[in-house]
Amino acid sequence: MTSAAGSASTPLRKNRDFMVLWTGHAISSLGTSIAMIAYPLLALLATGSALTAGMIAFVGMAAGAVLRLPAGVFVDRLPRRALLVTCDAIRAVATASVALAVVADRLSIAHLVVVAVIAAACDAFFDPAQMVAVRQVVPTTQLPNAMAQNEARGHLAVLGGPPLGGLLFGVAAALPIAAQAASFMTSGLLIRSVKRRLHGDEGRQTNPRPLRQDLLTGIQLVWASAYLRVTLLCAAGYQHIFPAVILVVIASTSARGAPAVEIGAALSLAGIGGILGPGCPRKSSDDSHRPYWCVSSARPPRSLWAP
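## Comments concerning the side chain of Thr95
Turning to step 1, where the next piece is worked out: Of note, Thr95 is situated in helix H5 (residues 80–103).
Turning to step 2, where the next piece is worked out: In this structure the side chain of Thr95 is engaged in a polar contact, spanning 3.2 Å, whose partner is the backbone oxygen of Ala92.
Turning to step 3, where the next piece is worked out: Those residues within four positions of Thr95 in sequence are excluded, and the remaining contacts are Tyr39, Ile177, Gln180, Ala181 and Phe184.

As C-alpha cells, this is what we get:
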C-alpha cells in the first residue's frame, strides 16, 4: 500500500519508465511526421499519378485495418518490450531501404507498397503494445493524464514534423525517410532501456485461450458497447478522409510548383487543431455532464483499462 501510494504521488515527469516510453514514441512519431509528405511526393514523382499515390496509401491502411484485431490478441501473448523493440527495428530497416533506393535512383512502386504494408503491420502491433505498456508503468490514478500526454505528443509531432520534412525534402528527397529510419532506431533503443517488466499475467498463462476465442470475444465486446461502436465508426471515417485530404493538399500544391516546405506548413495546421482540442464546459457542482478529460479525478470506465 505504501509503495502504491508513493508511485501514485510521483509526478509523471519523474516516472523514468513512462518518460522513456513517451520520449521514444515521441521521437518515432516526429520521424513519421517528417516523412509524411515524402512518400506521396516520391510516388507522384515516380508515376505522375495522384491515383497511384492514393492506392499505395490505401493498401497500407487496409493492411493495418485487417491486422489490428489479431495484433491485439498477440500482444497479450508476447513479451511487450521485445515486441516494441522488434517493431521499431523492422520499421527502421524498411524505411532505410526506401532512403537507399531513392539515393540509388532505384525506387519502385512495388517497393513503396511493400514498405507501406510492413509499416502498417508493425503499427498494428506497436500501438496496442505501447498503450498497455504505459498502463503497466503508470499508476491507475494517473492514467488519464498519461493518455492525454500521449495524445498531445502525436499532435505536437504533426505540428512540427511536416514543415521540417518539407525543408529536408527540398535539400534531398531521401533525407525525410532517413530521418524516419533514425527515429525508429532511437525509439527502439530507448524502449529497450525500460527497467520495469512489460508483460502482464495474461501472457504467462500456461494454457492460454485459443486465438479464435479471443478474437470473437473482442468483436463481441466492441459490438456490445454503443460507445465503442460509435467511436470506432467515427475513427474509421476519419482515417479514410484525413489521408485523402493530405494527398489532395500535396498533389494540388506540388502541381503548381510550391516548395515542399510550404506543403509541410499547410499540413501542420492539423497539429494546431489537435493541440487546441475540445473546450470544456464551465465547471459546476454537477460534473456529470462534463467530458471526463475536464474532470481531474475522472477516468473512463474500468472496462476500458482492464487487461
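Read on for the rest.
## Considerations on the packing of aromatic side chains
Turning to step 1, where the next piece is worked out: Summed over all chains, the structure comprises one aromatic pair.
Turning to step 2, where the next piece is worked out: When the ring of Phe74 is compared with that of Phe125, the centres are 6.4 Å apart and the planes differ by 45°; the resulting orientation is tilted. Within this pair, whereas Phe74 is found in helix H4 (residues 50–75), its partner Phe125 is found in helix H6 (residues 109–137), the two being separated by 51 residues in sequence.
Turning to step 3, where the next piece is worked out: Overall, Phe74 belongs to the partly exposed group, its relative accessible area being 33%.
Turning to step 4, where the next piece is worked out: In this structure, Arg91 is placed above the aromatic ring of Phe126, and the distance from its NZ or CZ to the ring centre is 4.5 Å.
Turning to step 5, where the next piece is worked out: Here Arg229 stacks its cationic end above the ring of Trp223, 5.3 Å away from the centre of that ring.

## With respect to the pattern of salt bridges
Turning to step 1, where the next piece is worked out: By the definition in use, this model includes six salt bridges.
Turning to step 2, where the next piece is worked out: Between Asp17 and Arg196 there is a salt bridge; the shortest N-O distance is 3.8 Å. Here Asp17 is found in helix H2 (residues 16–34), whereas its partner Arg196 is found in the loop between helix H8 (175–192) and helix H9 (211–224), with 179 residues between them in sequence.
Turning to step 3, where the next piece is worked out: Among the ionic pairs, Asp127 bridges to Arg68, the shortest N-O distance being 3.1 Å. In this pair, Asp127 sits in helix H6 while Arg68 sits in helix H4, placing the two residues 59 residues apart along the sequence.
Turning to step 4, where the next piece is worked out: When salt bridges with common partners are traced through the structure, they connect Arg16, Asp17 and Arg196 into a single cluster.

## Brief notes about unusual backbone geometry
Turning to step 1, where the next piece is worked out: For Asp105, which is not glycine, the phi torsion reads 60° and is therefore positive.
Turning to step 2, where the next piece is worked out: Secondary-structure assignment places Asp105 in the loop between H5 and H6.
Turning to step 3, where the next piece is worked out: On the basis of relative accessible area, Asp105 is assigned to the exposed category, the value being 70%.

## Side note on the packing of H2 against helix H7 (residues 143–171)
Helix-helix packing is characterised by the crossing angle of the two axes and by the distance between the axes.
Turning to step 1, where the next piece is worked out: With their axes 7 Å apart at the nearest point, H2 and H7 run at an angle of 35° to one another. Remark: the crossing between H2 and H7 carries right-handed chirality. For the pair H2 and H7, contact is made by Phe18, Leu21, Trp22, His25, Ala26, Ser29, Leu30, Ser33 and Ile34 and by Ala146, Gln149, Asn150, Arg153, Ala157, Val158, Gly160, Gly161, Pro162, Leu164, Gly165 and Leu168, respectively.
Turning to step 2, where the next piece is worked out: Looking at side-chain class alone, the contact of H2 with H7 contains 12 nonpolar, eight polar and one charged residues.

Definitions and cut-offs
- Residues numbered from 1 in each chain as written.
- Predicted model: local features only at pLDDT ≥ 70, side-chain atom pairs only at ≥ 80, totals over all residues.
- Heavy atoms only, no water.
- Helix = DSSP H or I, 4+ residues; strand = E, 2+ residues; numbered from the N terminus.
- Polar contact = N/O pair within 3.5 Å; in protein donor to acceptor, adjacent residues only side chain to side chain.
- Contact = heavy atoms within 4.5 Å.
- Phe/Tyr/Trp six-rings, centres within 6.5 Å; stacked < 30°, edge-to-face > 60°.
- Buried < 20%, exposed > 50% of the residue type's maximum accessible area, 1.4 Å probe, protein only.
- Lys NZ or Arg CZ within 6 Å of the ring centre and 35° of its normal.
- Salt bridge = Lys/Arg side-chain N within 4 Å of Asp/Glu carboxyl O.
- Axes fitted to C-alpha atoms, helices over the stretch in contact; angles between N-to-C directions.
- Left-handed = near helix turned anticlockwise from the far one by under 90°.
- Nonpolar A, V, L, I, M, F, W, Y, C, P; charged D, E, K, R; others polar.

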